[in-house]
Amino acid sequence: MRAQRFGVAAAIVAAATAIFQLPQLKVVDGLSIDYLFWLRNTLLGAPPPSAAAPAVVVAIDEETYRTDPFAGKPQALWTPQIAKVLAAILAGGAKVVGFDVIFPTSMDAYISGFDRDFLLALHDGARDNRVLLAKVQHEALPISPFPGQSFAVGNERNIRTANLVEEGDDVIRAVPLTIVAKDLKSGTRRETAFALELAARAAGVAVREEGGQVMFGDRPIPGSESNSMLLNFRGGDEVPTYSLADLFACAQAGRDDYFAAHFKNRAVLFGTALDVEDRKLTSRRLINRPQPRSSADRCVLPPRADLAVPRYVSLADVPGVYVQATAIDNFVLGDMLRTPPVWLRVLCVGLTVGASVAILLSLPVGTGIAASFAPMLVAVGVAIAAFRSELVLPMLPAILAALLGGVAIVAYRVLVADRDKRWLRGVFGLYLAPEVVDRLAAAEHLPELGGEKREMTFLFSDVADFTTLSERIDAQQLTTTINEYLQRVCDVIMKHGGMVVDFAGDGVFAIFGAPERLADHRERAIDCALDLDACCEHFRQEQEEKRPGFGHTRIGLHSGEAIVGNFGSGRRLKYSALGDAVNTASRIEGVNKFFKTRIAASADAVRGAEKRCRPLGEIRLKGKDEFVPLFEVLTKARAESAYVAGYRDAYELLKRNDTGAPRRARELLDPLAHEDPSDHAVGLYIERLNKGQAGVRIEMHEK
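None of the values given here were measured: they were computed from a predicted structure.

The rules behind these values
- Residues numbered from 1 in each chain as written.
- Predicted model: local features only at pLDDT ≥ 70, side-chain atom pairs only at ≥ 80, totals over all residues.
- Heavy atoms only, no water.
- Pairing = 2+ DSSP bridges.
- Helix = DSSP H or I, 4+ residues; strand = E, 2+ residues; numbered from the N terminus.
- Phe/Tyr/Trp six-rings, centres within 6.5 Å; stacked < 30°, edge-to-face > 60°.
- Buried < 20%, exposed > 50% of the residue type's maximum accessible area, 1.4 Å probe, protein only.
- Disulfide = S-S within 2.5 Å.
- Expected span 1.5 Å × (residues − 1).

S.K.: What's the story with the pairing of strand 18 (residues 499–504) in this structure? I'm lost.
M.R.: Side-chain direction in a regular strand flips from residue to residue, so the side chains alternate between the two faces of the sheet. When strand 18 meets strand 19 (residues 507–512), the two strands line up antiparallel, connected through five bridges. Within strand 19, the residue paired with Val500 across the bridge is Ala510. Here strand 18 hands over to strand 19 after two residues, with Gly505 in that stretch at a positive phi of 70°.

This is the structure we're talking about:
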């Protein structure tokens, strides 16, 4: 059974782990990253911006659209102002300026020389590769800058594709490293993507391929095998942002010092930062928070009160220019997210599933379900810690795989593995103590319910003169009394690990050693008989005050082999024991009536515990051929008394039955009879000696 359960559990763990390695479930990995951003920033706080991060944004924002000379004009008419800002930024020492905004048209077609300043600024920056324009690749041809602008920057030398990678759920979590670009002249070619090219120019390094890896200088870029880099968003105000309107006013005021202080050695991105244009849903969607629209120091224009808190920060998406800026910072700082190798990913998922399944398999279902969440919480904690170091462990796949494995193992337990145990609880729950039933259910090998032969100890009890009592009181009183009595009897038997098999009116039949195997079944039965005698005597005295006549409880014990299992018909089965040992125990209980004792036991039942007893005789029970040595089980004080010691000496003399033994036995018995006239065993042997009957063998003619 254990091997089967282990095999099923291993198969469930392997299947659940394998399912979440399928490419069709890649969306789960993306969701995991989103939640890891949220957990990291919620529990640990957003990482602080790095002073070495080069990217800054010049935002074409709402303020720009509302401020002269931009207000009321289309973007195509803004090129003179943009030229002035671009020239000031380049003069301020910017490493590179990228345009994440495309001007596909020009006013030069209508106003000759209108774009002259803009084209000159582009040309000046492009001479030493400090300007990079963007294009967007579509199915056929890209959307590119106006031909005059393209010519000004040296055409493809300073133009790159700015497409971003959207996953199956339309969320951007990575940026491409290289892109196959298309144009009418050269057809197709592979080139570095917009953000990577800007980062390389800002860092002053070359991008090349080496051994299947895309190298950023001497450093391989994680994700090269998939030609993409996972973005590491901080979630705060990590990208300094300047309004184009304020920078134009700054340039007009001749504030060269401001441009040098804020743009020297920077990678500058011109881009749109509006509520409705060029917005992207990214993996930072759960950590967006309110922030100033222009997060950097102002130069000339005071902040506008009506634009202090932008609407876009309360949305899930962000302006696309911030995706490019984050990518530039990640490339330069090397703090992009990294996915684990396949073996580590499988190990993380497998360990989480395996731990949850092991808990669910080893604990009761209810407790196991609650405890099975512990490995998932551990997986979350480990994933958060790793994420803080830019390593993306499969948190959500591990949790979902563990849940899937948990459902499967619980179903297996309910439908297959625990079916016999539930049946066992139903069968034995009313006959055994709950802790015994629990041990049976938890055992590797369930009891043989079809019948098996084993050694056990059997207990029979009966109330003296119960028939007379039942004739004197009404049925309701009798039922109440006997039910209370039997409840106490059962409690004592179960406390000692016995199983109550049957009731016969006031009589009780119990087994020690089945269905649970007990190496100490004899000792348990003896202890139970003594406790039962004390309990029943206390109950008898209680009843004596209410309705006199409730008799003493007589108990019989015998140990031996019998067949135990299910007996009955196809409609009704009962777990019981059959055999000569059972009949012998029942007969021994009846011997108490003859000796007027309360606990009689066979030599087999008291083997090893003879000091706790006194011998009664060698009795041939009714229907038996052989004489059975019987004992009376005594309390510790009674068994160790001088009275019982004298009785044992007398009994040994009677048993020897040699010359002079009866006389010497009589000399010992007479003082005992005087000391305790109620001791019927002593009186019986004195009476036998008076009749000239020697020895200890007695033949019973009644049950």
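S.K.: Where do I start with the packing of aromatic side chains in this structure?
M.R.: The geometry of two aromatic rings is summed up by the distance between their centres and the angle between their planes. Considering all chains together, one arrives at 21 aromatic pairs under this definition. Ring geometry for Phe259 against Phe263: centres 5.8 Å apart, planes inclined by 25°, an arrangement best described as stacked. With Phe259 and Phe263 both in helix 9 (residues 256–263) and four residues apart, this pair spans about one turn of that helix. Given the relative accessible area of 0%, Phe263 is considered buried. Ring geometry for Phe594 versus Phe595: centroids 5.1 Å apart, planes at 90°, classification edge-to-face. On the basis of relative accessibility, which here comes to 30%, the residue Phe594 falls in the partly exposed class. Overall, Phe595 belongs to the buried group, its relative accessible area being 1%. Taken together, the ring pairs in this structure connect Tyr65, Phe70, Trp78 and Phe248 into an aromatic cluster.

S.K.: Please clarify how the state of the cysteines should be interpreted in this entry.
M.R.: Joining two cysteines, a disulfide is a covalent bond between their sulfur atoms. Summed over the entire model, instances satisfying the criterion amount to one disulfide. With no disulfide of its own, Cys613 lies closest to Cys528 among cysteine sulfurs, the gap being 15 Å.

S.K.: Just checking my understanding: could you explain helix 10 (residues 320–333) for this structure?
M.R.: Residues separated by three or four positions in an α-helix point in the same direction, a consequence of the helix having 3.6 residues per turn. The end-to-end C-alpha distance of helix 10, which contains 14 residues, comes to 20 Å, matching closely the 20 Å that a straight helix rising 1.5 Å per residue would cover. The complete set of buried residues in helix 10 reads Gly320, Val321, Tyr322, Val323, Gln324, Ala325, Thr326, Ala327, Ile328, Asp329, Asn330 and Phe331. Just downstream of helix 10, Gly334 is the residue with a positive phi angle, here 75°.

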